[in-house]
Amino acid sequence: MAAVAVFLALVGCGVVDQTELVDVSAPPLSGSPARLCDALERDLPSEVARMWSRDVSTQGVAAAWGAPPIVLRCGVTAAEGLGRASRCDVMDGVGWYSENLGDGFRFTTIGRATTVELTVPDEYAPEADAALDVASAIKQAIPLHHPCV
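Along each chain, the written sequence defines residue order, and numbers are assigned to residues from 1. Local features in this predicted model are restricted to residues whose pLDDT is 70 or higher, and side-chain atom pairs enter the listing and the counts only when it is 80 or higher, whereas totals over whole chains, interfaces and linings include all residues. Only hydrogens and water are set aside; all other atoms, that is, all heavy atoms of the structure, feed into the side-chain values.

Chemist: Can you lay out the overall build of the protein chain for me, pointing to particular residues and giving the numbers?
Modeler: A count of helical and extended segments in the protein chain gives 3 helices and 10 strands. Secondary structure elements are taken from DSSP: a helix is a run of H or I of four residues or more, a strand is a run of E of two residues or more, and numbering for both begins at the N terminus. The linear arrangement of helices and strands in the protein chain, starting from the amino end, is α-β-α-β-β-β-β-β-β-β-β-β-α. Counting every position in the protein chain, which comprises 149 residues, the buried fraction comes to 40%. Sequence-distant contacts, at least 24 apart, represent 57% of the contacts inside the protein chain between residues at least 6 apart. Only the protein chains shown count as covering a residue, and every accessible area follows the Shrake-Rupley method with a 1.4 Å probe. Accessible area of the protein chain: about 8300 Å², with a carbon and sulfur share of 52%. Buried, partly exposed and exposed residues are distinguished by accessible area as a fraction of the type maximum, computed with a 1.4 Å probe on protein chains only: under 20%, between the cut-offs, and over 50%, respectively. We call two residues in contact when some of their heavy atoms are within 4.5 Å.

Chemist: An account of unusual backbone geometry is requested, with residue identities and associated values reported.
Modeler: A cis geometry characterises the amide bond from alanine 67 onward to proline 68, with omega recorded as 0°. Tracing the sequence through the fold places proline 68 in the loop between strand S5 (62–65) and strand S6 (70–76). Geometrically, the link from alanine 125 to proline 126 is a cis peptide bond, its omega value of 0° lying close to zero. Within the secondary structure, proline 126 is located in the loop between strand S10 (115–121) and helix H3 (128–141). Notably, alanine 49 is not glycine yet its phi reads approximately 55°, a positive angle. On the basis of relative accessibility, which here comes to 11%, the residue alanine 49 falls in the buried class. The backbone phi angle of arginine 50 is positive, close to 60°, even though this residue is not glycine.

Chemist: Account for the pairing of S10, naming residues and giving values.
Modeler: Judged by how many residues are buried, S10 sits mostly within the fold: 6 of 7 residues are covered. Note: two strands are recorded as paired if DSSP finds a minimum of 2 bridges between them. As judged from the 5 bridges shared by S6 and S10, these two strands associate in the antiparallel manner. Looking at the pairing, valine 71 lines up with threonine 119 of S10. Sheet topology places strand S9 (residues 104–109) next to S10; 5 bridges connect them, and they run antiparallel. Residue pairing for S10: phenylalanine 107 is matched across the bridge by leucine 118. Counted along the chain from S9 to the antiparallel partner S10, the turn is 5 residues long, and its residue glycine 111 has a positive phi close to 85°.

Chemist: Any details on the state of the cysteines? Residues and values, ideally.
Modeler: Defined by distance alone, a disulfide is two cysteine sulfur atoms within 2.5 Å. Following the criterion strictly, the structure yields 2 disulfides and no others. Each disulfide pairs two cysteine sulfurs, and for cysteine 37 the partner residue is cysteine 74, the sulfurs being separated by 2.0 Å. Taking the sign of the S-S torsion, -80° for the link of cysteine 37 and cysteine 74, the bridge is left-handed. With cysteine 37 in helix H2 (residues 31–43) and cysteine 74 in strand S6, the pair connects residues that are 37 residues apart, well separated along the chain. Cysteine 74 gets classed as buried once you look at its relative accessible area, which sits at 0%.

Written out as structure tokens, the structure is:
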């Protein structure tokens, strides 16, 4: 009962607002990337890093979980710093290029038919757990063109 009272108090103070839309900038898609991202959106888990799913406001395919939000964007361009010598972290069969943003990490898929990006705030450390949570959906929806290692 005490936990419910604390949760209701936090909601009343605006600390936890599950109904607020998360504003995400995702690219407009067409053709194959649009079909693949739509399939991914249908397969995404309802929870990531033990956080609930949030509604997003965007024209493209995106998803969010928790507060502060963990944000997934589908159909983005490859990571700016990604090169032939870049490190590739394979988590549950999905290759990721990882970038430390200072206040979290950005994980960008490598070698998939369309690129997926996941931004995870430091509050969810270890941040890679969130990438593991979405990996199964990515493997199912977006074909592998080439392994990253």
